[in-house]
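Here are the chains, one letter per residue:
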Amino acid sequence: MSALLRIALLSAWNRRLTLGLTVLAIALAVALLLGVERSRVAARTSFAQSVSGTDLILGARTSPVQLMLYSVFRIGGATHDIGWDSYEAIARHPDVAWSIPLALGDSHRGFPVVGTNAAYFEHFRYGRERKLALAQGRPFAGLFETVLGAEVARRLGYRLGDRITLSHGSGAPNLAEHDDKPFTVVGILAPTGTPVDHSLHVSLEAITAIHLDWQGGAPIPGVRIAAAHVEKFDLRPKTLTAALIGLKQRAAVFKVQRDINRYADEPLLAALPGVALDELWRVVALVEQVLLGISALVVAVGLAGLVAVILASLGERRRELAVLRSVGAGPRHILALLALEGGGVTLAGIGLGLVGLELLAWLAGPLLEARLGLTLALQGVTLAELQRLAAVAATGMAASLLPAALAYRRALGDGLTPRL
Amino acid sequence: MRMNPAFAFCLAAALALAASAAQAHGRARKTGHAAHVHGQARLMLAVAGNAVQIGLETPLDNLLGFEHAPRTAKEKQAVDALRARLDTPQTLFELDPAARCQVESVRIAGLPHARTAHDHADLEADFSFTCAQPPRALTLQLFSAFPRLQRLDVEQVTPAGQALHRLGPGQSRLEW
């Protein structure tokens, strides 16, 4: 057996280029197969981390998924705001422990601006009951002060004391600027891996203040209210985009939800963020299945390539195999030789794929975590992955039996008698 | 003009009905119209420590096969049987036996009675249980008890967090 292995290895070394490329193809296919699944899990964990501390999201009546996406993940926009008085009434509900008001819609160089109050720094929780922490500075106290998310500060290179202006609206590059009322950076939050990192936080009063001399989405011509004078106006917000709610008793969530949904003065919606998230995943599940199907097909292509390479090599190895037969190797030795080669290449491909994937996670992990909040943890191989890898290995070995069987059937004389 | 007394009575009754319907509709306008899809129901499961609360919202059709006031003796019987079934929630919701759970209270709203006059009617029921130990699993007997029920959206809030499960007949176990 060891002699056979030696022959197989030496013969493979002789054809190292083609076999090496085949190993690479299988490695890439395996990395894709596992990578798709790992990023799916990472995305789910990361999204769940962002909502885990909130019991209910309060907003205008819309789809719960929509409300969750725009209030927590700042994806898409609200069709309606809610009245401040409704918010206050809900916040006074006996079962509500805390609430964080959110006024969204403005942006700064593509990053969303969140109008909120001190409750945000006190009550917001993510992951496993983790609180927001300030890496530098303090929460906003004055009107034109802002606290930056970690990623905003990092990518735009802002430091404490910098002055920035907000844009009206979000998305498009040529937005109207609130350039008469600049904000001072007073705090920078520690990284959280949630959408908080990508947000700028200002007070609700500041949101009202920068829109004082605005009407219909643009400054009113001829009317300028200087930053120094805005304090004379009533800056209490009239509307909100949404609010995050924490309860005294988590089990009371359905009761509070029912009370909010039946609130008589304004159509409101209370969404359970974890439930809305699961609803979103159910929609996305089809796409995930397609991705998984595609990566399985890529594995099949890789293994087909393996079979093709070994089959093609049979022609070029006719002499080699015939010589082996003539020195006493039986057909089963030839069979074993070729099956060994196919299995070896498959296993090498799987191994290389795994190493490559871990290497990629190690290299690109910090970047993904910063940009997308995805944590691709360096993890051991899970049981589900092991099952998939075993399936790939079994398929690879079974497939390489095809060329082996062909060689097995070839007559002894084949390859020794020159064909004319 | 002299009005036939019977006609006058009918007219008055019709006006009163219309007024009450308008009032009911006005209320619905303010609080909105909940979705009403036969075959589907919503189950809310909240577990905190030793307390379990279960809320069920379903079109009556899923439980009875009709949503109007019971007219025949058979329909009356069906309503009575449903009430009896809902009053013993431990037969519908089997919490894991190790937790030793007891029914604490049952609140049922929306069972049809002689004066119900809706096209569509929903049943809302709240059940609470107290257990000796925190339960870890729940087996539902809703699909076997109510064959017209085809889909159940379970929203659960447990120590493991919030989650949504969509169950069909044959899926009856929830774990957390």
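Values in this document were obtained by computation on a predicted structure and should not be read as measured data.

Tallied over the full model, the rule gives eight aromatic pairs over all chains. On the basis of an interplanar angle of 25° and a centroid distance of 4.4 Å, the ring pair of phenylalanine 47 of chain A and phenylalanine 73 of chain A is categorised as stacked. With phenylalanine 47 of chain A in helix α2 (residues 16-51) and phenylalanine 73 of chain A in the loop between α3 (64-72) and β2 (82-83), this pair connects stretches of sequence that are 26 residues apart. Since its relative accessible area comes to 10%, phenylalanine 73 of chain A is described here as buried. Pairing phenylalanine 93 of chain B with phenylalanine 127 of chain B gives two aromatic rings, centres 5.2 Å apart and planes at 50°, and the pair type is tilted. Pair noted here: phenylalanine 93 of chain B is in strand β3 (residues 93-95) and phenylalanine 127 of chain B is in strand β5 (residues 122-131), with a separation of 34 residues, a long-range link. The same class applies to phenylalanine 93 of chain B as to phenylalanine 127 of chain B, namely buried. By the ring-pair criterion, three or more aromatic residues cluster together here, those being Tyr120, Phe121, Phe124 and Phe140 of chain A. Just above the ring of tryptophan 13 of chain A sits the side chain of arginine 16 of chain A; from NZ or CZ to the centre is 4.6 Å.

This next bit is on the sheet that holds strand β3 (residues 96-102) of chain A. All names here are of chain A. An order of β3-β16-β1-β17 is seen for the four strands of this open sheet, with the pairing classed as antiparallel. Each having just a single partner strand, β3 and β17 (268-271) make up the two edges of the open sheet. Within this sheet the neighbouring strands show an average axis-to-axis angle of 25°, counted without direction. Bridge count for strand β1 (residues 56-60) against strand β16 (residues 242-247) is four bridges, and the pairing is antiparallel. Across the sheet, residue glycine 59 finds its bridge partner in β16, namely alanine 242. Each of β1, β3, β16 and β17 touches helix α8 (residues 253-261); the most contacted strand, β17, lies at about 165° to it.

Across soluble globular proteins, you tend to see nonpolar side chains buried next to one another. In terms of nonpolar packing, the biggest core is built from 36 residues, with Leu43, Ile54, Phe93, Leu138, Leu140, Leu142 and Leu152 of chain B touching the most fellow members. By residue number, the principal contributor to this core is β5 of chain B, which donates five residues. Dropping the residues within four chain positions of it, leucine 152 of chain B is found in contact with Ala41, Arg42, Leu43, Leu56, Leu140, Leu142, Phe143, His165, Arg166 and Leu167 of chain B. Core analysis: the second largest hydrophobic core is formed by 32 residues, Leu69, Trp98, Tyr126 and Leu280 of chain A among them.

Now for the pattern of salt bridges. Residues and elements named next belong to chain A. Under the defined criterion, the tally for this structure stands at 27 salt bridges over all chains. Residues lysine 255 and aspartate 259 are paired through a salt bridge, measuring 3.9 Å at the closest nitrogen-oxygen approach. Highlighted residues: lysine 255 and aspartate 259, both in helix α8, separated by four residues, approximately one helical turn. If you follow the salt bridges from partner to partner, you end up with Glu37, Arg40, Arg44, Glu288 and Arg388 in one network.

Here we come to the domain arrangement of chain A. Residue and element names in this part refer to chain A. Looking at the assigned domains, one finds that chain A contains domain 1 (2-47 + 281-409) and domain 2 (52-279). If you look at the interface, domain 1 gives eight residues, while domain 2 gives nine residues. Regarding the contact of domain 1 and domain 2, the summed buried area is about 860 Å², with carbon and sulfur atoms giving 51% of it. Going through the elements one at a time, α2, α9 (273-316) and α11 (331-372) are the ones with two or more residues in the side of domain 1 that touches domain 2. Broken down by element, the residue count for the side of domain 1 that touches domain 2 peaks at three residues, all from α9.

Another aspect to go through is a nonpolar patch on the surface. Residue and element names in this part refer to chain A. On the surface, a nonpolar cluster with roughly 590 Å² of combined accessible area is contributed by Leu32, Leu286, Val287, Val290, Leu291, Ile294 and Val298. At six residues, the largest contribution of residues to the nonpolar patch is made by α9. With respect to the secondary-structure elements, leucine 32 resides in helix α2.

With that settled, the discussion passes to the sheet that holds strand β9 (residues 173-175) of chain B. All names here are of chain B. What the three strands build is an open sheet, ordered β3-β6-β9; its pairing is antiparallel. Since the sheet does not close on itself, it has two edges, and those belong to β3 and β9, each with one partner. Here the strands of the sheet are splayed against their neighbours by 20° on average, with no regard to which way each runs. Where β3 lies against strand β6 (residues 137-140), three bridges are found, and the strand directions are antiparallel. What sits directly across from phenylalanine 93, in β6, is leucine 140.

For the rest of this paragraph, the subject is the side chain of serine 400 of chain A. Along the chain, serine 400 of chain A turns up in helix α12 (residues 383-409). Serine 400 of chain A has contacts with Val307, Ile310, Ala339, Gly342 and Gly343 of chain A, leaving out every residue within four places of it along the chain.

What follows deals with the side chain of aspartate 95 of chain A. Residues and elements named next belong to chain A. Along the chain, the position of aspartate 95 falls in the loop between α4 (84-91) and β3. Only 3.0 Å separates the side chain of aspartate 95 from the side chain of lysine 255, close enough to count as a polar contact. Aside from chain neighbours lying at most four places away, what touches aspartate 95 is Leu247, Lys248, Ala252, Lys255 and Val256.

Attention shifts here to the interface of chain B and chain A. Listed per partner, the contact involves 20 residues of chain B and 20 residues of chain A. For the pair chain B and chain A, the interface holds three salt bridges. Here aspartate 126 of chain B and arginine 258 of chain A are joined by a salt bridge, their closest N and O atoms 3.3 Å apart. Our count for the chain B to chain A interface comes out at six residue pairs in polar contact (both at pLDDT 80 or more).

A few words now on the packing of α3 of chain A against α9 of chain A. Residue and element names in this part refer to chain A. Two numbers describe how α3 lies on α9: the axes approach to 9 Å, and their chain directions differ by 105°. Overall, the two elements α3 and α9 adopt an arrangement that is roughly perpendicular. Contact with α3, carried on its side by Pro64, Val65, Met68 and Leu69, involves Pro273, Ala276, Leu277, Glu279 and Leu280 of α9 and no other residues of that element. Residue composition of the contact of α3 with α9, by class: eight nonpolar, no polar and one charged.

All names here are of chain A. Closest axis-to-axis distance for the α2/α12 pair is 11 Å, and the angle between their directions is 155°. By the angle between their directions, the pair α2 and α12 is classed as roughly antiparallel. Here α2 and α12 pass one another in a crossing that is right-handed. Contacts between α2 and α12 pair Val30, Leu33, Leu34, Glu37 and Arg38 from the former with Glu385, Arg388, Leu389 and Val392 from the latter. Looking at the contact of α2 with α12 residue by residue, the class counts come to five nonpolar, no polar and four charged.

Cut-offs used in this document
- Residues numbered from 1 in each chain as written.
- Chains lettered and ligands numbered in written order.
- Predicted model: local features only at pLDDT ≥ 70, side-chain atom pairs only at ≥ 80, totals over all residues.
- Heavy atoms only, no water.
- Phe/Tyr/Trp six-rings, centres within 6.5 Å; stacked < 30°, edge-to-face > 60°.
- Helix = DSSP H or I, 4+ residues; strand = E, 2+ residues; numbered from the N terminus.
- Buried < 20%, exposed > 50% of the residue type's maximum accessible area, 1.4 Å probe, protein only.
- Lys NZ or Arg CZ within 6 Å of the ring centre and 35° of its normal.
- Pairing = 2+ DSSP bridges.
- Axes fitted to C-alpha atoms, helices over the stretch in contact; angles between N-to-C directions.
- Contact = heavy atoms within 4.5 Å.
- Core = buried A, V, L, I, M, F, W, Y, C linked by side-chain atoms within 4.5 Å.
- Salt bridge = Lys/Arg side-chain N within 4 Å of Asp/Glu carboxyl O.
- Domains from an automatic or database assignment.
- Buried area = accessible area lost by both parts, 1.4 Å probe.
- Patch = residues over 30% accessible without salt bridge, like charges linked within 9 Å, V, L, I, M, F, W, Y side chains within 5 Å.
- Areas by Shrake-Rupley, 256 points an atom, 1.4 Å probe, with all protein chains shown as cover.
- Polar contact = N/O pair within 3.5 Å; in protein donor to acceptor, adjacent residues only side chain to side chain.
- Parallel < 35°, antiparallel > 145°, perpendicular 65-115°, else oblique.
- Nonpolar A, V, L, I, M, F, W, Y, C, P; charged D, E, K, R; others polar.
- Left-handed = near helix turned anticlockwise from the far one by under 90°.

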